[in-house]
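Structural characterization, general
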Amino acid sequence: MKTAIRHQIINGVEVMIQAKITKDLSIGDDCPLTLIGGPLLIESEEYTLEIAEAINLVCVSLGVQLIFKSSFDKGNRSSVDSFRGLSIKEGLRILQKVKDEFGIPVLTDIHEPFQAKIVAEVVDVIQIPALLCRQTDLLLAAANTGLPVSVKKGQFLAPGDMKNVVEKLEYGGTKNILTMERGTCFGYGSLVVDYRSLSQMRSLGYPVIFDITNSLEKLKGMDIPKNRLKEQHQSISHLARAAAAVGCDGFFVEICKSSEVNPSAGTNRISIDNLEEFLKPILNIRDATSLLKSFTSKTL
């Protein structure tokens, strides 16, 4: 399924916005919807391959581009006792197996500059966590690999502040950049999504991804009653559909097996069983907004 998002008007000029991820996959205008998804952490080879295969089957059936994401380590977990994942060597070995077995691009995040060169031997996209998005040395190390870089907007930044982040990546040597919206701090322990940020960040000239999982992070670390879980999952769909209506190039979401309990599972994930149901309305909204734009442009 291929739907053209509107071309951005920047400084009065219509500009096609794209980022080339691999020779077969680009993100942005005139490209299919892209899903960046997978389990938060690489917990085992068997588990990772099982999840990757299931996600890939759904995406292929719907015509959605997939970039598989999982982390070999999460250095920013809230508790020192939290499970952080496997070693960089073992994590990359498993990600390479995902690429080899299913032929899909893979993405992982880094927390220190020295990791960039190591992960670049395997991954197709390097991701910069939101809390580290202003770290110059980290951004330059990622950009210097020559790979596409996905960078999350810090919860503490306004959309316009991403201009400096993008300029650092450009200076480092990459033109294939993805910026990612993941909510903005609102008081203590809460996030809100200002959907204007999607178009504001896109005006920097690069595709924008909406991170649904972390935009709902305000409920992490809290005891959520069972009767609230349904409401939480509804919020995932509500935020995604709103972003699709406003316009974005893809979505980031943590995906796990249904009804599982594991060290990295959170309430903001979606299950494999619900992935198709989650994606279909997004694709329908995307098609509708594209048709509306086409009709409007012909009648003006």
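This is a predicted model, so every value here is computed, not measured.

Points about the side chain of D249
- Following the sequence through the fold, D249 ends up in the loop between α8 (226–246) and β14 (250–256).
- For D249, the side chain forms a polar contact with the main-chain nitrogen of V208, separated by 2.7 Å.

Notes on the pairing of β14
- Summarising burial for β14: 7 of the 7 residues are buried, a large majority.
- Burial along β14 is two-sided: the face carrying G250, F252, E254 and C256 and the face carrying F251, V253 and I255 are both buried.
- As paired elements, strand β5 (residues 34–38) and β14 share 5 bridges and run parallel to each other. Bridge pairing links L35 to F251 in β14.
- When strand β13 (residues 208–211) meets β14, the two strands line up parallel, connected through 3 bridges. In the strand pairing of β14, D211 is matched with F252.
- Pairing between β14 and strand β15 (residues 270–271): 2 bridges, direction parallel. Paired with C256 across the two strands is S271, which belongs to β15.

Structural notes on the environment of V98
- Within the secondary structure, V98 sits in helix α2 (residues 88–102).
- Sequence spacing of V98 and E53 is 45 residues, and the spatial spacing of their C-alpha atoms is 8.4 Å.
- Dropping the residues within four chain positions of it, V98 is found in contact with T48, L49, A52, F68, G103, I104 and V106.

Some points on α2
- For α2, built from 15 residues, the straight-helix expectation of 21 Å at 1.5 Å per residue is met to within 8% by its first-to-last C-alpha distance of 21 Å.
- On its buried face, α2 sits against α1 (45–62), β6 (65–69), β7 (106–109) and α3 (114–119).
- Once α2 ends, the next one or two residues include G103, with phi positive near 65°.

Re the packing of α1 against α2
- Direction vectors running N to C along α1 and α2 enclose 35°, while the axes themselves pass 10 Å from each other. Helix-helix and strand crossings are classified by hand; for α1 and α2 the assignment is right-handed. Facing α1, whose interface residues are E45, T48, L49, A52, E53 and N56, α2 presents R93, I94, K97, V98, E101 and F102.
- Considered class by class, the residues forming the contact of α1 with α2 number 5 nonpolar, 2 polar and 5 charged.

Some thoughts on the nonpolar core
- L35, I55, F68, F251, L275 and F278 are the most contacted members of the largest nonpolar core, which has 68 residues in total.
- For this core, the leading source of residues is α1, giving 8 residues.
- Other than its neighbours up to four places away in sequence, F251 contacts L33, T34, L35, I36, I209, F210, I212, A240, A243, A244 and I282.
- Counting 12 residues, the second largest nonpolar core, distinct from the first, contains A19, I27, V125 and F252.

The rules behind each value
Residues numbered from 1 in each chain as written. Predicted model: local features only at pLDDT ≥ 70, side-chain atom pairs only at ≥ 80, totals over all residues. Heavy atoms only, no water. Helix = DSSP H or I, 4+ residues; strand = E, 2+ residues; numbered from the N terminus. Polar contact = N/O pair within 3.5 Å; in protein donor to acceptor, adjacent residues only side chain to side chain. Buried < 20%, exposed > 50% of the residue type's maximum accessible area, 1.4 Å probe, protein only. Pairing = 2+ DSSP bridges. Contact = heavy atoms within 4.5 Å. Expected span 1.5 Å × (residues − 1). Axes fitted to C-alpha atoms, helices over the stretch in contact; angles between N-to-C directions. Left-handed = near helix turned anticlockwise from the far one by under 90°. Nonpolar A, V, L, I, M, F, W, Y, C, P; charged D, E, K, R; others polar. Core = buried A, V, L, I, M, F, W, Y, C linked by side-chain atoms within 4.5 Å.

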